[in-house]
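Coordinates in review
The lines below spell out each chain.
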Amino acid sequence: MTQNRAIRYFMGVHKFAPLLAINGDMGWISTQHRRWVNILRFWNRLVNMPDDRLPKKMFSYDYNCFGKTWCYDVKTILQQIQMSHYYENKLPVNLKDVEDALFVKYKTDWCNNVRNVAKLRTYIEFKQHYNTEKYLLSSLTKIERSHLAQFRCGILPLKIETGRYVGLNVNERFCHFCPVNVVEDETHFLLNCIKYNDLRENLLSKCKDRNPDFEHMSEVNKLVYAVNYHYVHVAKFLVEAMNRRRMSLYRN
Ligand SMILES: [Zn+2]
């Protein structure tokens, strides 16, 4: 879909990036949503049309047919937002109300679906609502935006992600650099990995300065706080740390 391609390009993520995550961060109205509203706009024109007009006659024929007709689509759309009485009584709808109700439904479905994708286990920690994220409106460079988007979507090539490509169990996707076996997931990479202790000093001091409770937070809450409130420093850290990681792993 063109819209998803545009979102991927802007965010700097690959084509296997989870659609729920990239759409959730971008917060745009879906193309399907716009198509539904256009269908209902046409419905309004048809139900208001005099009965002797040819399009109205075709509409009445379609309305009385069984199966997946155009009118069936209208019925399905209206059923989703508890407005099927407009369909049953062939009444015009208030497009603004319909648009709002469909968007609420879309956002509710998104919230439910995003919780069922294992890959988005970290994403749901810092993303609760379908809306445009600030980092996408900020002045981050393209590479910073891309690293942050990949990190949020769980596709930054850390071991937790690359281990999946070679069939490793989640609890065996160990960090290459730490002496004890510890899974290299987003939390480890951002907050704990010894390989980047110096690089995260700036980020951690910003977090501690702004929030005296930061040091006492759980690991997850630290991650959520840093990503949500200090995304500029997180993005800069990610670019530098990933660069160091690449240089260490692939310099030969
Ligand atoms: Zn490590």
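Residues numbered from 1 in each chain as written. Predicted model: local features only at pLDDT ≥ 70, side-chain atom pairs only at ≥ 80, totals over all residues. Heavy atoms only, no water.

A word on the overall build of the protein chain. Each helix and strand in the protein chain was counted, giving 14 helices and zero strands. Counting helices and strands in the order they occur from the N terminus, the protein chain gives α-α-α-α-α-α-α-α-α-α-α-α-α-α. Against the 2.2 N^0.38 benchmark of 18 Å for 252 residues, the protein chain shows a C-alpha radius of gyration of 24 Å, more extended than a compact globule. For the protein chain, the C-alpha atoms occupy an extent of roughly 80 × 40 × 30 Å along the three principal directions. Counting the 252 residues in the protein chain, one finds 43% classified as buried. Put simply, of all contacts in the protein chain between residues at least 6 apart along the chain, 61% involve residues at least 24 apart. In the form shown here, the protein chain has an accessible surface area of approximately 14,200 Å², with 53% of it arising from carbon and sulfur atoms. Side chains of the protein chain give 38 positive and 25 negative charges; the mean places of these two sets differ by 6 Å. (Helix = DSSP H or I, 4+ residues; strand = E, 2+ residues; numbered from the N terminus. Rg over C-alpha atoms; globule rule 2.2 N^0.38 Å. Buried < 20%, exposed > 50% of the residue type's maximum accessible area, 1.4 Å probe, protein only. Contact = heavy atoms within 4.5 Å. Areas by Shrake-Rupley, 256 points an atom, 1.4 Å probe, with all protein chains shown as cover. Lys, Arg positive; Asp, Glu negative; His and termini not counted. Charge placed at Lys NZ, Arg CZ, Asp CG, Glu CD.)

So, about the coordination of the zinc ion. All of the protein donors around the zinc ion are Cys175 (SG), Cys178 (SG), His188 (NE2) and Cys193 (SG); their distances to the metal are 2.1 to 2.3 Å. Donor residues for the zinc ion sit on one chain with the sequence pattern C-x2-C-x9-H-x4-C. Here His188 lies in helix α11 (residues 186–192) and Cys175 lies in the loop between α10 (159–165) and α11, a separation of 13 residues in the sequence. The pair formed by Cys175 and His188 is uniform in burial state, with each residue classed as buried. (Donors = N, O, S within 2.8 Å, 3.2 Å for Na, K, Ca; no water.)

Quick look at the domain arrangement of the protein chain now. Interface extent is often summarised as the accessible area lost during association of the parts. Each assigned domain of the protein chain is listed with its residue range as follows: domain 1 (29–131) and domain 2 (156–250). Placing the centre of domain 1 and that of domain 2 at their C-alpha centroids yields a distance of 42 Å. Contacts between the two partners involve five residues from domain 1, matched on the other side by nine residues from domain 2. The largest contributions to the domain 1 side of the interface with domain 2 come from Lys119, Glu125 and Phe126, which together make up 67% of the buried area. For the pair domain 1 and domain 2, the interface holds one salt bridge. Between Glu161 and Lys119 there is a salt bridge whose closest N-O contact spans 3.0 Å. Looking at the side of domain 1 that touches domain 2, its residues break down into one nonpolar, one polar and three charged. (Domains from an automatic or database assignment. Buried area = accessible area lost by both parts, 1.4 Å probe. Salt bridge = Lys/Arg side-chain N within 4 Å of Asp/Glu carboxyl O. Nonpolar A, V, L, I, M, F, W, Y, C, P; charged D, E, K, R; others polar.)

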